[in-house]
Amino acid sequence: MNRTAARGTRLALGMGAMAVIAACGSTSSSGASWSTATSASANGGMSALVSAAKAEGQLNVIALPLNWANYGTIIKDFEAKYGIKVNQANPQGSSQDEVNAVKSEAGTSNAPDVLDIGMAVAWANTSLFAPYKVAEWSDIPADQKDAGGLWYQDYGGYMSIGYDSSKYTVTSVSDLLTSAFKSAVALNGDPTEANAALNGVMMASLANGGTLSNIGPGVSFFKQLNADGNFVPVTATAATIDNGTTPVVFDWDYLNSASVVNLPSWKVFVPSDAVLGGYYAQAITKTAPHPAAARLWEEYLYSATGQNLWLQGGARPVEMSAMQANGTLNQTYAAALPAVSGDPVTLDESQAAAAASYLASNWSAAVGS
Amino acid sequence: MTAVASTEAELVRRPLGGRLRLSSTWLGAAPFLVYAGAFLLLPTVLVAVGAFSGTHGPTFSNLAQLSQPYIVSAFVNSLVLSAVSASIGAVVGAVLAYAVATGSPDGIMRRLVTALCGVLSQFGGVTLAFAFIATIGTEGFIVIWLRQHGIDFYPNGVWLFSLTGLTLIYTYFQIPLMVIVFMPALDGVRPQWREATETLGGATWHYWRHVAGPLLLPAFLGAWLLLFANAFSAYATAAALLDIGGVIVPLQISRALSSEVGLDQANLAAALALGMVVVVAVITVGYSWLQRRSARWLPR
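Residue numbering note: each chain is counted from 1, following its sequence as written. Chain letters and ligand numbers both follow the written order, the letters beginning at A and the numbers at 1. At least 70 in pLDDT is required for a residue's local features to be given in this predicted model, at least 80 for side-chain atom pairs to be given and counted, and no such filter applies to totals for whole chains, interfaces and linings, which use all residues. Heavy atoms throughout the structure, all of them, feed into the side-chain values; hydrogens and water do not.

Let's shift gears to the overall build of chain A. The helix and strand tally for chain A stands at 14 helices and eleven strands. The C-alpha atoms of chain A give a radius of gyration of 21 Å, which matches the 21 Å a tight globule of 369 residues would have. For the C-alpha atoms alone, the extent of chain A along its principal axes is close to 65 × 45 × 35 Å. Summary of the burial criterion: residues with accessible area below 20% of their type's maximum are buried, those above 50% are exposed, and those between are partly exposed, where the area comes from a 1.4 Å probe applied to protein chains only. Of all 369 residues assigned to chain A, the portion counted as buried reaches 60%. Positive charge is attributed to Lys and Arg, negative charge to Asp and Glu, and no charge count is given to His or to the chain ends. All charge positions are set by atom: Lys at NZ, Arg at CZ, Asp at CG, Glu at CD. Charge centroids of chain A, computed over 17 positive and 28 negative side chains, lie 4 Å from each other. Note on conventions: DSSP H or I runs of at least 4 residues are helices, E runs of at least 2 residues are strands, and numbering of each starts at the N terminus. Each radius of gyration is computed over the set of C-alpha atoms, and the globule rule expresses the reference value as 2.2 Å times the number of residues to the power 0.38.

This part is about the overall build of chain B. Check the secondary structure of chain B and you find 13 helices and two strands. Relative to the globule expectation of 19 Å for 300 residues, the C-alpha radius of gyration of chain B, 24 Å, shows a markedly less compact shape. Whether two residues touch is decided by their heavy atoms; if any such pair falls within 4.5 Å, the residues are in contact. Relative to all contacts within chain B whose residues are 6 or more apart in sequence, the contacts with residues 24 or more apart total 71%. Methods summary: accessible areas were calculated by the Shrake-Rupley approach with a probe of 1.4 Å, and residue burial reflects only the protein chains presented. Accessible area of chain B: about 16,800 Å², with a carbon and sulfur share of 71%. Of note, chain B has its 15 positive side-chain charges centred 14 Å away from the centre of its 11 negative side-chain charges.

A few words now on the pattern of salt bridges. Put simply, a salt bridge is a Lys or Arg side-chain nitrogen that is within 4 Å of an Asp or Glu carboxyl oxygen. Under the counting rule described, the total for this entry stands at five salt bridges over all chains. Across the pair B:Arg110 and B:Asp187 runs a salt bridge, and its minimum N-O distance is 2.7 Å. With B:Arg110 in helix 5 (residues 108-120) and B:Asp187 in helix 8 (residues 163-188), the pair connects residues that are 77 residues apart, well separated along the chain. A relative accessible area of 39% places B:Asp187 in the partly exposed class. Salt bridges linked by common partners bring A:Lys167, B:Glu139 and B:Arg147 together as one network.

So, about the nonpolar core. Across soluble globular proteins, you tend to see nonpolar side chains buried next to one another. To qualify as a nonpolar core, a set must consist of buried Ala, Val, Leu, Ile, Met, Phe, Trp, Tyr and Cys residues joined through side-chain atoms within 4.5 Å. Ranked by internal contacts, the top residues of the largest apolar core, which has 89 residues, are A:Leu59, A:Leu176, A:Phe222, A:Phe250, A:Trp297 and A:Trp363. Non-local contacts of A:Trp363, meaning those with residues more than four positions away in its chain, are made with A:Leu187, A:Asp190, A:Pro191, A:Thr192, A:Val201, A:Val219, A:Phe222, A:Phe231, A:Tyr358, A:Gly368, B:Ile244 and B:Gly245. The next biggest cluster of nonpolar side chains, apart from the first, holds 45 residues, and it includes B:Ala86, B:Ala219, B:Ala256 and B:Leu290.

Let us now look at the interface of chain B and chain A. The interface is formed by 29 residues belonging to chain B together with 41 residues belonging to chain A. The quantity reported as buried area is the accessible area (1.4 Å probe) lost by two parts once they are put together, taken as the sum for both. Here chain B meets chain A over a buried area of about 2,700 Å², counting both sides, of which 52% is carbon and sulfur. When the area that chain B buries against chain A is broken down by residue, the three leading residues are B:Ile244, B:Glu260 and B:Val261, summing to 30%. At the surface where chain B touches chain A, the tally comes to one salt bridge.

Residues and elements named next belong to chain A. With phi around 60°, Ala63 is a residue other than glycine that occupies positive phi space. The class for Ala63 is buried, based on a relative accessible area of 0%. In this structure, Asn90 takes a positive phi of about 35° despite not being glycine. Position of Asn90 relative to the elements: it lies in the loop between strand 2 (85-89) and helix 4 (95-104). With a relative accessible area of 7%, Asn90 lands in the buried category.

This brings us to the confidence of the model for chain A. On average, chain A scores 88 in pLDDT, and the residues at 70 or more come to 91%. Low pLDDT, under 50, characterises residues 3-31 of chain A; the predicted model gives this stretch 59 contacts beyond four residues in sequence or across chains. Values of pLDDT, ranging from 0 to 100, describe the predictor's confidence in every residue of the model.

Now for the packing of aromatic side chains. Two rings belonging to Phe, Tyr or Trp (six-membered ring only in the last case) form a pair when the distance between their centres is within 6.5 Å. Interplanar angles under 30 degrees mark stacking, angles over 60 mark edge-to-face geometry, and anything in between is tilted. Per the counting criterion, the structure on display carries 34 aromatic pairs over all chains. Ring geometry for B:Tyr154 and B:Trp159: centres 5.4 Å apart, planes at 70°, overall edge-to-face. Put simply, the rings of A:Trp68, A:Tyr71, A:Trp137, A:Tyr152, A:Tyr155, A:Tyr254, A:Tyr280, A:Tyr302 and A:Trp310 touch in pairs and so form one group of aromatic residues.

All names here are of chain A. The element strand 1 (residues 58-62) is largely enclosed, with a buried count of five among its five residues. What you see with strand 1 is no split at all: Gln58, Asn60 and Ile62 on one side and Leu59 and Val61 on the other are buried throughout. As judged from the five bridges shared by strand 1 and strand 2, these two strands associate in the parallel manner. The partner of Ile62 across the bridge, within strand 2, is Ala89. Every crossover in which the path from the first strand over the helix to the second runs clockwise, viewed with the strands pointing away from the viewer, is termed right-handed. For the handedness criterion, the β-α-β arrangement of strand 1, helix 3 (residues 71-82) and strand 2 is classed as right-handed. Two strands qualify as a pair provided DSSP detects at least 2 bridges between them.

Turning our attention to the side chain of A:Ser205. Residues and elements named next belong to chain A. Following the sequence through the fold, Ser205 ends up in helix 6 (residues 195-207). The class of Ser205 is buried, set by a relative accessible area of 0%. With sequence-adjacent residues up to four places away left out, Ser205 is seen in contact with Gly210, Thr211, Asn214, Ile215, Gly216, Pro217 and Gly218.

This part takes up the domain arrangement of chain A. All names here are of chain A. The domains assigned to chain A are domain 1 (3-156 + 279-335) and domain 2 (157-277 + 339-367). A domain assignment, automatic or from a database, supplies the domain bounds used here. Each of domain 1 and domain 2 was reduced to a C-alpha centroid, and the two centroids are 29 Å apart. Listed as interface residues are 16 residues of domain 1 and, on the opposing side, 21 residues of domain 2. Together, the buried faces of domain 1 and domain 2 total about 1,500 Å²; carbon and sulfur atoms form 56% of this surface. For the interface between domain 1 and domain 2, the tally reads one salt bridge. Between Asp253 and Arg316 there is a salt bridge, with its nearest N and O atoms 2.7 Å apart. By the criterion applied in these results, polar contacts are pairs of N or O atoms within 3.5 Å in which, for protein atoms, one can donate a hydrogen and the other can accept it, and in which residues neighboring in sequence qualify only through two side-chain atoms. Where domain 1 meets domain 2, there are two residue pairs in polar contact (both at pLDDT 80 or more). Following the grouping adopted for this structure description, the nonpolar residues are Ala, Val, Leu, Ile, Met, Phe, Trp, Tyr, Cys and Pro, the charged ones are Asp, Glu, Lys and Arg, and the polar ones are all others, Gly among them. By residue class, the composition of the side of domain 1 that touches domain 2 is seven nonpolar, six polar and three charged.

On to the pairing of strand 7 (residues 248-252) of chain A, then. Residues and elements named next belong to chain A. Strand 7 sits mainly inside the fold: five of its five residues count as buried. Here strand 5 (residues 152-164) runs beside strand 7; their pairing, made up of five bridges, is antiparallel. Looking at strand 7, one finds that Gly162 is bridged to Val249. Direction of pairing for strand 6 (residues 185-187) relative to strand 7: parallel, over a ladder of three bridges. Paired with Ala186 across the two strands is Val249, which belongs to strand 7.

Residues and elements named next belong to chain A. Tracing the chain through its elements places Trp68 in the loop between strand 1 and helix 3. Judged by its relative accessible area of 0%, Trp68 is buried. Along the primary structure Trp68 and Ala53 are separated by 15 residues, whereas in three dimensions their C-alpha atoms are 25 Å apart.

See below:
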C-alpha cells in the first residue's frame, strides 16, 4: 500500500466473479443490504455477516505486499477460516494507486472492497468510503478513527534505520554522514510519492533540529548525504536488502524487522532523538463488489486474532493498549518489538500536507543527479 | 529526368475504376485506423484535455506548473539523456553497421549481428536494469571480483544510479537499434558510386565528403531522431534503476499519478505528458522530413 517501486502489471482479477455479484442481494438474512450496513449488530449480527460473506465467496484487496506487516499470513488465515478467496491486486501499489483503482474500476467485479491506506490519502478521499464500525470499535482510541466510521487506523510503528550489522553500526542519524556509509543509505520510495519515505525524511529532520512543521533540515540532510555519495537513489525492497545494494534503510520498524528473515545480521534502530510514529488506516469502499466479505474482513482484522497477527509481523496494532488491559495481547510477539525510548510524535493532517508541499518543490533539487 | 519517368510509370499503372479501388482500400485500412484511433489519437486527446482541466473547469495552471524549477530540470535531464544516448548509439551503431554491411551479404557474421541486434534492441526495462545492477551494481559480480583483487570499481562514488548510469544502460539498446535502422541505408549505397568516384580521380576522403556522406547524412540523422525518441519515452528501465528524485519526466509523471502523500495531480501528469507529446511531435516531423530526403536517393 505504500511501495511505489515496482509498478507492476496489475493482476488479472475476478475470474468468475460475475456469478458472485449476482448472489449478493439475496444473502442477507435480515433482508437489509450489507452494502449500507454500518455495523454487524445493526444488520442481523455476526453469523448473518459470516454467511452473507461466505455466499459472496470472494474479497478484493489491493496493494498488500505479503511481507508487509504479516499480510501473507493474515490473508491465508482469513481464507482458511471463512472459505473466502482473497483476490490480490497490485501488491506493490501506493495508497494513491488504491484510490485510483476504486475510481477507475467502480462498478466492476474487480473494484477493491477494502483499502489499507496512508492517512494523507484517507483524509483526502473520505467520499469514497462506506462508514462501518467493527465490534471492537470502542477499543480503538478516539483520535485514531473517524467518529463516523469512514476510516479507522489499523496498525503502525516507528520510523527506523535498518542496517546490516555485519558491515555497519548505527547509533544515531548523523552517523550516516560519515565516510563509512559510502553508497549505503536508502529510502523506501520517493518521499514525494511514498508515505514511508516522507516519514523517513521527517525523522532525519527531527534528528537534525527540525520539527514536525519543518521538514527542511531533513531535506538538507539527504542533500548532504547525496553530495557525500552516501545516498543510494534506489527504492529499498526485500531484494535490494538481500543483495546488499541498500545495506542501510530508512523505513517503518515493522517493515525493517521483516528483513531479518533473509538476512540474520539485519538490525533495526529507532533513534531516541527522533521517535516518529505513523499509522495506516482501513476503509471499506462504497462501491465494494463484495460488501459483506469486506465487512467480515474488517471484523477479522480488528478481532484479537487479526490484531495479534499484525503484532507478529512487528507492527503495533491499534487496539494494543486495550488488548494489553484485557489480556488478549500476545506477549511473545509484543516482547519481540524493537526497543523504543524517547517521546513518540506523529504527523497530523496539516503537518503532513506542509511536509509534502515542501518536498514537492525541494526534494528533486536536493537529490536529483 | 527521373521525376518525369516515375510520373509516367504511375500514370500507366493507375488502374481503371478508381472509385471502387478507393473504397476497398479504405476497408482494408479500417483495422489500422481503428487501432490508431483507439490507442494513439484518443489517448493524445485525453492527455491534451486533461492538461487544460482543473477541479474548477478549464485552466492554464497545469501548464504554468511546468515552469517550476524541478520540472524544468526533469525536462532538461530527459533531453540530455536522450541526446547523449542517441548520439553514442548512433555513432557506434553506424560504425558497427558499416562493418557488417561491407562484409559478405550472406555471411555468418552479418546474420549473427542482425539477429543479435534484433533481440538486444528490445532488451529493456526491469530485466536490463537488473542485469546492470547484478554486474556493476554496488554488489555486482564484477565490482566484487575487482574488489577481491584490490581494485575499486567506483573510486569517485557510485555513478550507476544516476543519469550517467542511465545513459550507459540506454546505449545498451540504442546501439543495436541503430544497427537495425541504419543497415538498409548502407545497403542502398552502391559500390559503383565508389568506383565512379575513383574513376574520376577521387580519393576515399572525396568519396565520403561528396558522395556517401551527403547521401547517408539524412538517414543517419533520421535514425538519430528515432533513437532520441526511443530514449525520451523510456520509463521502466529508469524506474527500476533510480526511482527516487524524479530525475526524468516519465518519473515525474509517475509521481504525479501515484503520490500517496497528497501530491497526486493527475492534471499535472497530463500537462507533463503533453510536454512530451510536443517534443516527440517535433521529432516526428523532423524524422519524416529527413526520411523524404534520404528516400530521394536511396530507393528501396
